[in-house]
Amino acid sequence: FFLMIRRPPRSTQSRSSAASDVYKRQAIILWDPFKLKIIDRIECHEFTVMQIVFSRDDNFMLTASRDRQFAVYSFDPKDPVHPYSVVYVNRAHSRVIYGVDISFDNAVIVTGARDKRIKLWRIQQQETGVDIQPICEKILEDSCTAVAFGDKLLPDERYLILVGLENGKIQAFAFDPKDKAVTILGEIPRNLRHTKVVNRIKVKNHSEENLFIFASVSEDSSVRVFELEF
């Protein structure tokens, strides 16, 4: 069965993934939604793909999987047959990776997993290809089930990272690229947070400098929209 369908911000094509325990079926499928036709299949992961995300400029696609790996794909607009190619795969966590995201400026990747950790990765596009290196990690109080970057920098030039946990909490962290450190800023109050697993967090692009708007969805059958002001 289909686990998710995603469409890049500036594309008319869609990508889907399915849940399976058979290696040959672990594929990202590229669809033409108008012709209902499969354009391409990208086989990378060994087990279910848990999340698909795209960079805001469509240059990268990222996936997270039950096989404890995350993968990065680069986009070639000149290749209509195989537009996405795998450029990086890493078995980055000791448990299933539930979430992955890339910052608005394509500079940092965050992964979150059942091992109660989020990890930060530096990404640079070079003449020889894409270089991805680990930066740091943060140990959490519970399993990480969702991650998302803010749509801009915080007023102090740090990156905002929103983390959803298995216990229903949503916590806000700041990543300082100079000190290579992740610090907690706070969390959603108990009376407003979810009561079960946070499945996904999505940040809205917003022009106001100090305001961040995001939505979260949970296994408690609720969708919640929050505003954070710094």
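Residues numbered from 1 in each chain as written. Predicted model: local features only at pLDDT ≥ 70, side-chain atom pairs only at ≥ 80, totals over all residues. Heavy atoms only, no water.

Asker: How should I be thinking about the overall build of the protein chain in this particular structure?
Answerer: Looking only at helices and strands, one finds zero helices and 19 strands in the protein chain. When each of the 230 residues of the protein chain is scored for burial, the buried share is 52%. Total accessible area on the protein chain is roughly 11600 Å²; 49% of this is exposed by carbon and sulfur atoms. (Helix = DSSP H or I, 4+ residues; strand = E, 2+ residues; numbered from the N terminus. Buried < 20%, exposed > 50% of the residue type's maximum accessible area, 1.4 Å probe, protein only. Areas by Shrake-Rupley, 256 points an atom, 1.4 Å probe, with all protein chains shown as cover.)

Asker: Is there a simple way to explain the sheet that holds strand 17 (residues 198-204) in this structure?
Answerer: Within a sheet, adjacent strands bond to each other through the backbone by hydrogen bonds, running parallel or antiparallel. Across the sheet, three strands lie side by side as 17-18-19; this open sheet has antiparallel pairing. Because the sheet does not close on itself, it has two edges, and the strands there are strand 17 and strand 19 (223-229). Geometrically, the sheet is characterised by an average inter-axis angle of 25° between neighbouring strands, direction not taken into account. When strand 18 (residues 211-218) meets strand 19, the two strands line up antiparallel, connected through seven bridges. In the sheet register, Phe212 faces strand 19, and the bridge partner there is Leu228. (Pairing = 2+ DSSP bridges. Axes fitted to C-alpha atoms, helices over the stretch in contact; angles between N-to-C directions.)

Asker: How do you make sense of the environment of Gln51 when you look at a structure like this?
Answerer: Its location among the elements puts Gln51 in strand 5 (residues 49-54). Distance in space between the C-alpha atoms of Gln51 and Ile97 is 8.8 Å, their sequence separation being 46 residues. A polar contact is formed between the side chain of Gln51 and the backbone nitrogen of Val100, at a distance of 3.1 Å. (Polar contact = N/O pair within 3.5 Å; in protein donor to acceptor, adjacent residues only side chain to side chain.)

Asker: Any chance you could explain the sheet that holds strand 11 (residues 117-126) here in plain terms?
Answerer: Ordered in space as 9-10-11-12, the four strands form an open sheet in which the pairing is antiparallel. Of all strands in the sheet, those bounded by a partner on one side alone are strand 9 (97-102) and strand 12 (129-139). On average, adjacent strands in this sheet sit at an angle of 20° to one another, irrespective of strand direction. Looking at chain direction, strand 11 and strand 12 are connected through 10 bridges and run antiparallel. When the bridges of strand 12 are listed, Ile118 appears paired with Lys138.

Asker: Sorry, what's going on with the nonpolar core here?
Answerer: For soluble globular proteins, nonpolar side chains are generally found buried alongside one another. By size, the foremost hydrophobic cluster in this structure holds 17 residues, and its most contacted members are Leu62, Phe70, Val72, Ile109, Ile123 and Ile132. Of all the elements in the fold, those that place two or more residues in this core are strand 6 (60-65), strand 7 (70-75), strand 9, strand 10 (108-113), strand 11 and strand 12. Beyond its immediate sequence surroundings of up to four residues, Ile123 is in contact with Phe60, Val72, Ile102, Asn106, Ala107, Val108, Ile109, Val130, Asp131 and Ile132. (Core = buried A, V, L, I, M, F, W, Y, C linked by side-chain atoms within 4.5 Å. Contact = heavy atoms within 4.5 Å.)

Asker: I would appreciate a short explanation of the environment of Tyr88 in the present structure.
Answerer: Relative to the elements of secondary structure, Tyr88 occurs in strand 8 (residues 84-90). Put simply, Tyr88 and Val72 are 16 residues apart on the chain and 5.1 Å apart in space, counted from C-alpha to C-alpha. When sequence neighbours within four positions are dropped, the list of residues in contact with Tyr88 reads Phe70, Ala71, Val72, Trp121 and Ile132. Polar side-chain contacts of Tyr88 include one of 2.7 Å to the side chain of Asn90.

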